[in-house]
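Residue strings, one per chain:
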Amino acid sequence: MNDEEPVGKLISDRLLCPDSDSPIWGTVVAVQANFYRVKLESNLETQESARGLSGRHFKPAQFLLCTRRTRLKKIGQKVMVGDRVLVEEADWQDSRGAIGKVSPRATELQRPPVANAQLILLVFALEEPTLDPWQLSRFLVKAESTALKLCLCFNKCDLITTAQQQQWQQRLDKWGYEASYISVKKQLGIDQLLSHHLKGKITVLAGPSGVGKSSLIDALIPSANLRVGKVSGKLQRGRHTTRHVELFELPEGGLLADSPGFNQPDLDCIPSNLAQYFPEARVRLQQGNCQFSDCLHRDEPGCIVRGDWERYEYYLDFLDKAIAHEATRQQQPDQESNLKLKVKRLGKSQYEPKLKTKKYRRPSRKVRQQNLQDIYQTQLEEEIEDQL
Ligand SMILES: Nc1nc2c(ncn2[C@@H]2O[C@H](COP(=O)(O)OP(=O)(O)OP(=O)(O)O)[C@@H](O)[C@H]2O)c(=O)[nH]1
Ligand SMILES: [Mg+2]
Ligand SMILES: [Zn+2]
């Protein structure tokens, strides 16, 4: 994490912003250990709050390095990259602060862990590594199962011929997707990607390792200066050069999260929802109904989804995996008992955490051990906080 130098000169030794009337809000752009780098909203109140204490020539810092208030830890409030937070006790001289409140999240992704993202930019390479339609479909299904919009982008188009690109275009069209074709290396298609899709939004980059996610961020935001890895020769895979999630500011507004690539997202969706994550099946289900309302579209009579479309075999394969995943989930009573299946709008179901019931039982040794670890961790964080 780059700790931003405080900007401007201060008059007194240590200037703390009291719990003033002017709330300071910002967005968490990086998390490392127990520290949160917060980009402040450049509203008048924040600027006044800093200027009021520090003389006329002061230009308030854009970033504060923050800890999380003990109060938040006690209620189990986690802080994620992308969270909009209230900063308390801003110390403008050292560019430090403490997070006192987290705004409710509009969206929340687990992998990569990012809050409030609006768009997933799914990046694949056309070559190096060779585009694998099965792997691509797995990522597409995963992206479709979130509440986020999806933008598909194929990089390294410098490595294939125009005819090959057209073949992919036609194939994707049948799947129900439109993609942007770019080359970071040749600087092709990047400006359009920015202006048509990324401007003003919080976007998360996803995709396998080695496809050029970090390279793309470097091209869009030269100051980001990210680690770019080589695709290893034999396996044609990247080597996970990106280590943690970080949000970068786009020149024309908006934030972009680089995240480590992973090669196989889990298929942990509810089996009966899976068809909704294939545009080909979605269209069929919009046009009619299967004979049975709980049809899983395998070999049931009167099924309108089963048929002659390229990815139908992927659907069947992913369905098996989702069913297997659900069976495992049901065999884990601990985890299962904390979740309840809720049927949502449009007949979609999803697991939600149950509200905690009060426990009168003596906690198990494992739980007691865990609690001890939590206490130890909290103490450690507080000690660090005190030292700041
Ligand atoms: N030929 C070609 N190579 C590219 C292009 N974009 C990126 N690369 C190369 O692809 C390799 C991997 O790029 P990265 O940006 O590290 O990939 P990544 O997706 O961030 O990988 P992880 O961080 O491991 O997830 C590097 O050697 C880049 O130079 C492109 O448009 N064309
Ligand atoms: Mg990377
Ligand atoms: Zn069916």
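Keep in mind that this is a model prediction, so the values were computed, not measured. (Residues numbered from 1 in each chain as written. Chains lettered and ligands numbered in written order. Predicted model: local features only at pLDDT ≥ 70, side-chain atom pairs only at ≥ 80, totals over all residues.)

### Quick notes on the overall build of the chain
Step number 1: Secondary structure summary: the chain contains 10 helices and 15 strands in total.
Step number 2: Each of the 388 residues in the chain was classed as buried or not, and the buried ones make up 29%.
Step number 3: For the chain, contacts bridging at least 24 residues in sequence account for 68% of all contacts bridging at least 6. (Helix = DSSP H or I, 4+ residues; strand = E, 2+ residues; numbered from the N terminus. Buried ≥ 20, exposed ≤ 12 C-beta atoms within 10 Å, placed from the backbone. Contact = placed C-beta atoms within 7 Å.)

### Let's talk about the nonpolar core
Step number 1: The biggest cluster of nonpolar side chains holds 69 residues, and the ones touching the most others in it are Val28, Val38, Val81, Val114, Leu122, Val204 and Ala257.
Step number 2: By residue number, the principal contributor to this core is strand β8 (residues 119-125), which donates six residues. (Core = buried A, V, L, I, M, F, W, Y, C linked by C-beta atoms within 7 Å.)

### Section: unusual backbone geometry
Step number 1: With an omega dihedral of 0°, the bond running from Arg111 to Pro112 counts as a cis peptide bond.
Step number 2: Within the element layout of this structure, Pro112 appears in the loop between β6 (108-109) and β7 (114-115).
Step number 3: Backbone torsion omega between Glu128 and Pro129 reads 0°, so that peptide bond is classified as cis.
Step number 4: Residue position: Pro129 is located in the loop between β8 and α3 (133-144).
Step number 5: Positive phi, normally seen in glycine, also occurs at Ala33, with a value near 50°.
Step number 6: Relative to the elements of secondary structure, Ala33 occurs in the loop between β1 (24-32) and β2 (35-40).
Step number 7: Positive phi, normally seen in glycine, also occurs at Ser95, with a value near 55°.
Step number 8: Checked against the element boundaries, Ser95 lands in the loop between β4 (84-91) and β5 (96-102).

### Overview of the pairing of β4
Step number 1: Here four bridges tie β1 to β4, and the two strands are oriented antiparallel to one another. Bridge pairing in β4 places Trp25 opposite Leu86.
Step number 2: Pairing between β4 and β5: five bridges, direction antiparallel. Among the inter-strand pairings, Leu86 is bridged to a residue of β5, identified as Lys101. (Pairing = 2+ DSSP bridges.)

### Comments concerning the environment of Gly200
Step number 1: On the secondary structure map, Gly200 appears in the loop between α5 (190-198) and β11 (202-206).
Step number 2: When the C-alpha positions of Gly200 and Gly253 are compared, they lie 4.8 Å apart, and in sequence the two are 53 residues distant.
Step number 3: Gly200 has contacts with Gly253 and Gly254, leaving out every residue within four places of it along the chain.

### Thoughts on the confidence of the model for the chain
Step number 1: Looking at the chain as a whole, its pLDDT mean stands at 81, while 70% of the residues score no less than 70.
Step number 2: Throughout residues 382-388 the model reports pLDDT below 50, and contacts reaching past four residues in sequence, or to other chains, amount to four contacts. (pLDDT = per-residue confidence, 0-100.)

### As for helix α6 (residues 213-220)
Step number 1: Taken together, the buried positions of α6 are occupied by Lys213, Ser214, Leu216, Ile217 and Leu220. Down the axis of α6, the sector holding all buried residues measures 155°, keeping them to one side.
Step number 2: Turning to α6, the residues buried within the fold contact β8, β9 (149-155), α5, β11, β12 (246-249) and β13 (255-258). (Arc of directions from axis to C-beta.)

### Re the environment of Pro112
Step number 1: By C-beta crowding, Pro112 is classed as buried, having 23 other C-beta atoms within 10 Å.
Step number 2: Taking C-alpha positions, Pro112 is 8.8 Å from His244, a pair spaced 132 residues apart along the chain.

### Focus: the pairing of strand β3 (residues 63-68)
Step number 1: Of all the six residues making up β3, six are buried; the element is thus mostly covered by neighbouring parts of the structure.
Step number 2: Taking every second residue as pointing to the same face, both faces of β3 are buried, with Phe63, Leu65 and Thr67 on one and Leu64, Cys66 and Arg68 on the other.
Step number 3: Where β2 and β3 come together, four bridges link them in antiparallel fashion. Directly across from Arg37, in β3, lies its bridge partner Leu65.
Step number 4: Where β3 lies against β5, four bridges are found, and the strand directions are parallel. Residue pairing for β5: Leu65 is matched across the bridge by Arg96.

### Re the environment of Lys186
Step number 1: Turning to its location among the elements, Lys186 is positioned in the loop between β10 (179-181) and α5.
Step number 2: Taking the C-alpha atoms as reference points, Lys186 and Asp158, separated by 28 residues in sequence, lie 7.0 Å from one another.

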